Amino acid sequence: MRSLIAAVALTGLLLGAPGCLVVSLNPAYDDESIAFEPGLIGGWVDADDNCSLQIERGDWKSYRIHYVHPIETGDVTGYLTAIGDTRYLDVMPAAGVDRGAFLVPIHVLLRVVLDGDRLELTPLSYDWLGGRLRARGGSPAALPGLTVALDQKENVVIVSPAARLREWLRRQQADGPVFGAAAVFHRK
């Protein structure tokens, strides 16, 4: 499971993966909060999960991310955003590609810690969020301040608008249960 989550930085999996992802219909960024960190540019390897990322500068403060994972290879677009003192990479299917009317671009949020040649990407915890939803029968009270649902594949789908999602994330503790296992990459 950890390697699948690592591959999410990595999001081509989103469109076909059997449930175990936390996705958002809306981005976690807004025009005022988009940031750009040149230190993310380059090649990254996670030897534990046998996956790699090639991150390049994209259009208007975005990143083009090519990932290679044992079960999937693909390209996604990422936007870095700051929420308080925490940075997140909002990853979505590659921008500029028309996939037809029936596909909705979804977002995966990864908490980012960049320390020199070490990049840590931490997704939201599917087990914790999905568990709360199931335990409370999908009730809105399951995650106060956030509107979520389980889709047909059992993915956790956040449907809150960006402002509510950002406020909810601002209240989360970095070591809290809302975050899953981190994937640690080292610069090539």
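Data block above holds the structure.
This one's a predicted model, so the numbers in the text were calculated from it and none came from an experiment.

Scoring rules and cut-offs
Residues numbered from 1 in each chain as written. Predicted model: local features only at pLDDT ≥ 70, side-chain atom pairs only at ≥ 80, totals over all residues. Heavy atoms only, no water. Helix = DSSP H or I, 4+ residues; strand = E, 2+ residues; numbered from the N terminus. Buried < 20%, exposed > 50% of the residue type's maximum accessible area, 1.4 Å probe, protein only. Areas by Shrake-Rupley, 256 points an atom, 1.4 Å probe, with all protein chains shown as cover. Salt bridge = Lys/Arg side-chain N within 4 Å of Asp/Glu carboxyl O. Arc of directions from axis to C-beta. Contact = heavy atoms within 4.5 Å. Core = buried A, V, L, I, M, F, W, Y, C linked by side-chain atoms within 4.5 Å. Pairing = 2+ DSSP bridges. Axes fitted to C-alpha atoms, helices over the stretch in contact; angles between N-to-C directions. Patch = residues over 30% accessible without salt bridge, like charges linked within 9 Å, V, L, I, M, F, W, Y side chains within 5 Å.

## Some words on the overall build of the protein
Helix and strand counts for the protein stand at 3 helices and 12 strands. Within the protein, buried positions represent 48% of all 188 residues. Summed over all atoms, the accessible surface of the protein reaches about 8900 Å², with 53% contributed by carbon and sulfur.

## Some details on the pattern of salt bridges
By the definition in use, this model includes 8 salt bridges. One salt-bridge network, in which partners are shared between bridges, spans Glu167, Arg170 and Arg171.

## A closer look at helix 2 (residues 126–135)
Those residues of helix 2 lying buried are Tyr126, Leu129, Gly130 and Leu133. Each buried residue of helix 2 sits inside an arc of 90° when the element is viewed along its axis, so together they form one side. In helix 2, the exposed residues that point more than 90 degrees away from the buried face are Asp127 and Ala135. Looking at the buried side of helix 2, the elements it contacts are strand 1 (22–24), strand 10 (148–150), strand 11 (156–158) and helix 3 (162–170). Gly137 sits one or two positions beyond helix 2 and adopts a positive phi of about 60°.

## A look at the nonpolar core
Formed by 23 residues in total, the largest nonpolar core has its most connected members in Leu53, Leu89, Leu119 and Phe185. Mapped onto this core, the elements with two or more residues apiece are strand 4 (51–57), strand 5 (62–69), strand 6 (72–83), strand 7 (86–93), strand 8 (108–115), strand 9 (118–123) and strand 12 (183–187). Counting 21 residues, the second largest nonpolar core, distinct from the first, contains Val22, Val148, Trp168 and Phe179.

## Notes on unusual backbone geometry
Even without being glycine, Trp60 reaches a positive phi, approximately 35°. Within the element layout of this structure, Trp60 appears in the loop between strand 4 and strand 5. Not every positive phi belongs to a glycine, and Glu154 is a case in point at roughly 75°. Mapped onto the elements of the fold, Glu154 is located in the loop between strand 10 and strand 11.

## Here we look at the pairing of strand 4
Where strand 3 (residues 42–46) lies against strand 4, 5 bridges are found, and the strand directions are antiparallel. Bridge assignment links Gly42 to a residue of strand 4, and that residue is Ile55. Hairpin connection of strand 3 to strand 4: 4 residues between the antiparallel strands, including Asn50 at a positive phi of 55°. Note: strand 4 against strand 5, 6 bridges, orientation antiparallel. When the sheet's bridge partners are listed, Arg57 is paired in strand 5 with Tyr63. Taken together, strand 4 and the strand that follows it, strand 5, pair antiparallel across an intervening segment of 4 residues, in which Trp60 is found at a positive phi of about 35°.

## Observations concerning the sheet that holds strand 11
Here 3 strands make up an open sheet; going across it, the order is 1-11-10 and the pairing mixed. The open sheet has two edge strands, strand 1 and strand 10, and neither has a second partner. Between one strand axis and the next, the sheet turns by 25° as a mean value, whatever way the strands run. Of the strand pairs in this sheet, strand 10 and strand 11 are connected by 3 bridges, and their pairing is antiparallel.

## Things to note about a nonpolar patch on the surface
A cluster of nonpolar side chains, contributed by Leu25, Val104 and Val159, occupies part of the molecular surface with about 220 Å² of accessible area. The topology assignment puts Val104 in the loop between strand 7 and strand 8.

Just geometry here; none of it tells us what the structure is for.
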